[in-house]
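Chain and residue survey
Listed below are the residues making up each chain.
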Amino acid sequence: MNDQGKLIVITGPSGVGKGTIVKFLLTNNPQIFVSISATTRSPRHGEVDGVNYYFLSRQKFQQMIEDGELLEWAEYAGNYYGTPKKPVIEGIQPGKTILLEIEVLGARQIQKNFPSATRILILPPSFDELETRLRGRGNDNQEAIVKRLAKAKEEIDVKDEFDYQIVNDHLQKAVNQVETIIFS
Ligand code: 5GP
């Protein structure tokens, strides 16, 4: 695989703030591109197909898996999520920096499928803080929150596998740390 550009993977538990970190990175650095994931989850209020995600049926998603069209994929809290391979490869070849914002199982697959990627794990200051953030953002019902917290425990347990670990106790500091890693 030709890898003239850079593949940067930002991962970590749901609610840890990786989406916000990525938003800041993209605003500060227009030369960085984010990959749009495919998912079988229903759109949340305000989410747009082809902008936030490609919202797919389970059948279409399974077809993409079978056709080898995903760089990585995972089932997360009852839905499938995955990174379409083609746009990433087509961006990396001419030298772009492409960012993936994905959960931890998928990030672990990237180590096998794209070993030159830089994988950054974002951690919460504490588990209690993560629970407060998940409840506070009001996106999920009780059942989904319980699933996300159980998943977060598993994700934090494998933290040593990652190239870098950043504790998101202060947003701007975390953004600066990620920028330093990307541009080093
Ligand atoms: P949400 O439903 O909150 O948008 O996302 C749930 C989790 O799925 C988040 O941790 C998010 O980073 C992750 N995710 C989003 N896109 C992908 C993807 O393409 N692959 C994987 N493995 N995880 C993803």
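Here is a short report on the structure shown in this document. (Residues numbered from 1 in each chain as written. Predicted model: local features only at pLDDT ≥ 70, side-chain atom pairs only at ≥ 80, totals over all residues. Heavy atoms only, no water.)

A short note on the sheet that holds strand β8 (residues 118-123)
Spatial ordering of the open sheet is given by β2-β7-β1-β8-β9, a layout of five strands whose pairing is parallel. The sheet terminates laterally at β2 (32-34) and β9 (164-167), the two strands that pair on one side only. Between one strand axis and the next, the sheet turns through 25° on average, direction left out of account. Where strand β1 (residues 6-11) lies against strand β7 (residues 97-102), six bridges are found, and the strand directions are parallel. Counted as the bridge partner of T11 is I102 from β7. (Pairing = 2+ DSSP bridges. Helix = DSSP H or I, 4+ residues; strand = E, 2+ residues; numbered from the N terminus. Axes fitted to C-alpha atoms, helices over the stretch in contact; angles between N-to-C directions.)

Concerning the site of the ligand
In the vicinity of the ligand lie 16 residues, with S37, R41, Y53, Y81 and E103 positioned nearest. K18 is positioned such that a nitrogen or oxygen atom in its side chain is 2.9 Å from an oxygen atom of the ligand. A distance of 3.4 Å separates an oxygen atom of the ligand from a polar side-chain atom of T83. In this structure the site holding the ligand corresponds to the largest pocket. Of all elements in the fold, only β5 (70-76), β6 (79-84) and β7 reach the threshold of two or more residues within the shell around the ligand. Classifying every residue of the shell around the ligand by side-chain character gives five nonpolar, four polar and seven charged. (Near = heavy atom within 4 Å. Polar contact = N/O pair within 3.5 Å; in protein donor to acceptor, adjacent residues only side chain to side chain. 1 Å grid on protein atoms, 1.4 Å probe; cavity = no way out; pocket = protein on both sides within 12 Å on 5 of 7 lines; lining within 4 Å. Sits in = over half its atoms within 2 Å of the grid points. Nonpolar A, V, L, I, M, F, W, Y, C, P; charged D, E, K, R; others polar.)

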